[in-house]
Amino acid sequence: MKKRWAIILLNFLIFTLILALLFLLSGPVLYWLHKSPTVLNTRIIDQIKLAINKNQATRIYAKTNQTTLQVLENGKWQPFFVKGVNIGTALPGKWFTEFPNDEKIYLNWLEKIGQMNANCIRIYTLLPPEFYNALKSYNDSHPDTPLWLLQEIWPEENPTGEDYLEKDYVEAYFQEIEYGVDAIHGQAYITPRKGRAYGIYTSDISKYLLAYLVGRELEPDEVTTTNHKNSGFSYKGEYFSSTASASPCEAWLAMNCDYLAKYEEGHYASLHPVAIVSWPTLDVKEHDSEWNQLGKKSLEYNDKVSIDINNISCESKMKAGFLGAYHIYPNYPDFMNNESKYNDYQDEQGRLRYGGYLQEFMEGHNKYPALVAEFGLATGMGTAHLSPDGLNHGGLSEEQQGKGIVRMMQAIKREGYAGAIIFEWLDEWAKKTWTTEPFMIPYERHVLWHNAIDPEQNYGLLAIEPQSSKAPPVIKRGNGQIKSITLNYDARFLYLKLDLFKKPDFSKEKLLIALDTCDREKGEFRFDPAINISAPSGMEFLLDFSGSQNARMLVHPGYNASQNRFSSYASSQGLFEEIRPLINQARVDKNGNPIAALYENASQLNYGTFDTNSYNHWYFAGSTLYIRLPWGRLNFSDPSSLMVLNDSNPAEEASRDTLGTQKTDGIIISALYYDFDNQQVIDLLSSDLYKWEQWQLPVYSERLKKSYFIIQEYFKTI
């Protein structure tokens, strides 16, 4: 009997010793096995991880607590209000999945984000190992003020048959979840793959992970189709389950959350909070202003189907907790602008409709914490949606951006959210929005230039700005009141400089500057119906300077893209039109009351200097006039290859890469200095034909916007 127990004890000691050795050698062993990825090695890795973690206590570094988040600091749980920023990584000339693989780039960003007094960053998908190396290095060197990470695990877009529960789609997302968890724990080797990050991940940053984010902004049609094709589908898991009221799509989300938590605890003896990602398009409220003349919600994009976090149960085994991560902007969907009840919300500055929505949303979100995982404002020279409170989708100055973000975040905090993450860290040229996408042709080249009128490309707190052309500017000299015209360019603007003998007296004089952007024989040849003088070539655009800070840009009637016209023609009537694109669609509310369409005044040119600014078009310095015009507003579809819009028979609604274009041979500038009191031409000077070399790789520099410093001061107080 004693011998039998001795053998059992010996076997136990041997087993314990093996486990200890495996634990000590797990890093090198897993690294070596990862270096030669095979099906056998993958199974060996899984078995080692499971054996090592089987009897370990589960490590938890962050968790949810009712409506808040908590983090473990010095052995004690502390409340944690998220004040963070989203990091997209598309640098000029690159697409979203062409990630930087330079650790120094990430370290530079993290240093600046930390100096902004942020405590959290969010990334949308798995990034290359260099990012996680940089984050570990940064946090290890800032132990008292680390940057916590929100790691989203991105499901592919466009599932087969618009069905999230399609077998291959489910398996692919499970694999992506495994990659994400393995990478967080520094134990992933991912072979090269297209459109996704890969490499050897050895930096364990799990103690800096605040939560995993599951999903993305799900498309309403895909949600509807998934629900229809999988009627009756539900899910019961160890960590997450769907309730009896859950839709198949909500059950799919529960299944993915469960898979993630089970995988992490089983393989790493660790748990982190898990969140689902959603947006107001799929909120649970029915909005009376989001209807149509046929009275059918099913015809709407927004507000026709919902994702309700309350239909997902967080089981008792999920010790780290569950929350919702929502993208909530002040200007879209349209019900943000049109729902009358939001007018009642007031803050110290007056009405704040955004606060009204935040308050309403939280009324139905009492079961789990809610995090505003995306919100922000865009700078630049173009607007895609108008907000009644001035929190527009684009077209804001950097000061307006910073102050507006602070005001929104104050409302987020006041309404009991777990925090907020600003969109976004840097300006990404790869982005697009509905007001610009049809006009960037070829679409595949739009990453080579910065569209200053596209709000989505200008959300950053870090400006990513093209450097000036190395080619010398072209100068045309005159002998009268207009001493010279100078032209230059970069990947964002056409620059004009007019040296005048004296600044115009705008009480009786005006300055007209015409641009012939293509085809010398087409365009308007007369500056104004009341001025009997012609330009040397046809003009597509006219800049009218009629006050010390008052100017506008007009367009030839045949070339007014805001009216779906893209081909100028020869004319001599002196007629030009304002540029007023549609930005808020006309709608009706539930009772059939009309909601008027809204249009952007894109002809207005903003006055102010260009230094540390991405908003202004022109200014005077003494008697010298400086002008910069965004390529997109001049109907350049791709300035990097000198392509302009040219389509005499466009579709009623243009889509990507459908409009006709042509290559221009350059630009001619004609400037007219006119005394309208005496109806007398003071001077007329035209430039020579100006053209530039095509480019394939933009050169750029970084600049912290003024909004960064406004937010930095606010973050210091919370």
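Up top is the structure.
Rules of the game
Along each chain, residue indices are assigned from 1 in the same order as the chain's sequence is written. With pLDDT at 70 or above as the cut-off, local features in this predicted model cover only qualifying residues; side-chain atom pairs require 80 or more to be listed or tallied, and sums for whole chains, interfaces and linings still use all residues. Only heavy atoms go into the side-chain values, all of them from the structure, while hydrogens and water stay out. In short, DSSP must find at least two bridges between two strands for them to pair. Every helix listed is a DSSP run of H or I at least four residues long, and every strand listed is a run of E at least two residues long, numbered separately from the N terminus. The axes are straight lines fitted to the C-alpha atoms, using for helices just the contacting stretch, and the angles between their N-to-C directions are given from 0 to 180°. In what follows, a contact means two residues having at least one pair of non-hydrogen atoms within 4.5 Å. Between buried and exposed lies partly exposed: a residue is buried under 20% and exposed over 50% of the maximum accessible area for its type, with that area taken using a 1.4 Å probe on protein chains only. Roughly parallel refers to an angle under 35 degrees, roughly antiparallel to one over 145, roughly perpendicular to one between 65 and 115, and oblique to any angle outside these ranges. By convention, the crossing between two helices is left-handed when the near helix turns anticlockwise from the far helix through less than a right angle, and right-handed when the turn is clockwise. Each residue gets one label: Ala, Val, Leu, Ile, Met, Phe, Trp, Tyr, Cys and Pro are nonpolar, Asp, Glu, Lys and Arg are charged, and the others, such as Gly, are polar. Disulfides are defined in this document as cysteine sulfur pairs within 2.5 Å. For this analysis, a ring pair means two rings from Phe, Tyr or Trp (six-membered ring only for Trp) whose centres lie within 6.5 Å, classed as stacked if their planes differ by under 30 degrees, edge-to-face if by over 60, and tilted for the remaining angles.

Draft legend 1. Representation of the sheet that holds strand β7 (residues 148-153) within the structure. The eight strands are arranged β5-β6-β7-β10-β13-β15-β18-β21 in a closed barrel whose pairing can be described as parallel. Adjacent strand axes in the sheet meet at a mean angle of 25° when their direction is disregarded. One ladder, built from four bridges, connects strand β15 (residues 322-327) with strand β18 (residues 370-375); its direction is parallel. Along β18, the bridge assignment pairs A325 with L371. Against the sheet, helix α7 (residues 248-268) engages β7, β10 (209-214), β13 (274-278) and β15, with an angle of about 140° to β10.

Draft legend 2. Broad picture of the environment of L213. Mapped onto the fold, L213 is located in strand β10. Beyond its immediate stretch of four places on either side in the chain, L213 contacts R122, L150, Q151, E152, I153, A275, V277 and A325.

Draft legend 3. Expanded view of helix α6 (residues 220-229). Three or more residues of α6 are buried, namely P220, E222, V223, T225, T226 and N227. If you follow the buried residues of α6, they end up packed against α7.

Draft legend 4. A look at the packing of helix α5 (residues 167-184) against α7. One can describe the packing of α5 onto α7 by two numbers: an axis separation of 10 Å at closest approach and a directional angle of 40°. The angle between α5 and α7 places the two elements in the oblique class. Crossing of α5 over α7 shows right-handed handedness. Every residue of α7 that contacts α5 at Y169, V170, Y173, F174, I177, E178, V181 and D182 is listed here: W252, M255, N256, Y259, L260, Y263, E264 and Y268. Residues that form the contact of α5 with α7 fall into these classes: 12 nonpolar, one polar and three charged.

Draft legend 5. Main features of the state of the cysteines. Counting across every chain of the model gives zero disulfides. Lacking any disulfide linkage, C120 is separated from the closest cysteine sulfur, that of C257, by 18 Å. Given a relative accessible area of 0%, C120 falls into the buried group.

Draft legend 6. Region of the structure containing the pairing of strand β35 (residues 618-621). As paired strands, β35 and strand β36 (residues 624-630) are joined by four bridges and run antiparallel to one another. Of the residues in β36, the one forming a bridge with Y619 is Y626. A loop of two residues connects β35 with β36, the two strands running antiparallel in sequence, and G622 in this loop sits at a positive phi of about 65°.

Draft legend 7. Representation of the packing of aromatic side chains. Within this structure, the stated rule accounts for 40 aromatic pairs. Ring geometry for F131 versus Y132: centroids 5.0 Å apart, planes at 85°, classification edge-to-face. Of the two residues, F131 and Y132, neither departs from the other in class, the shared state being buried. With centroids separated by 5.9 Å and ring planes inclined at 85°, the aromatic side chains of Y342 and Y357 adopt a geometry described as edge-to-face. Of this pair, Y342 sits in the loop between α8 (335-338) and β16 (346-347) while Y357 sits in helix α9 (residues 353-363), placing them 15 residues apart in sequence. One aromatic cluster is present, formed by Y489, W631, F636, Y690, W692 and W695 through successive ring pairs.

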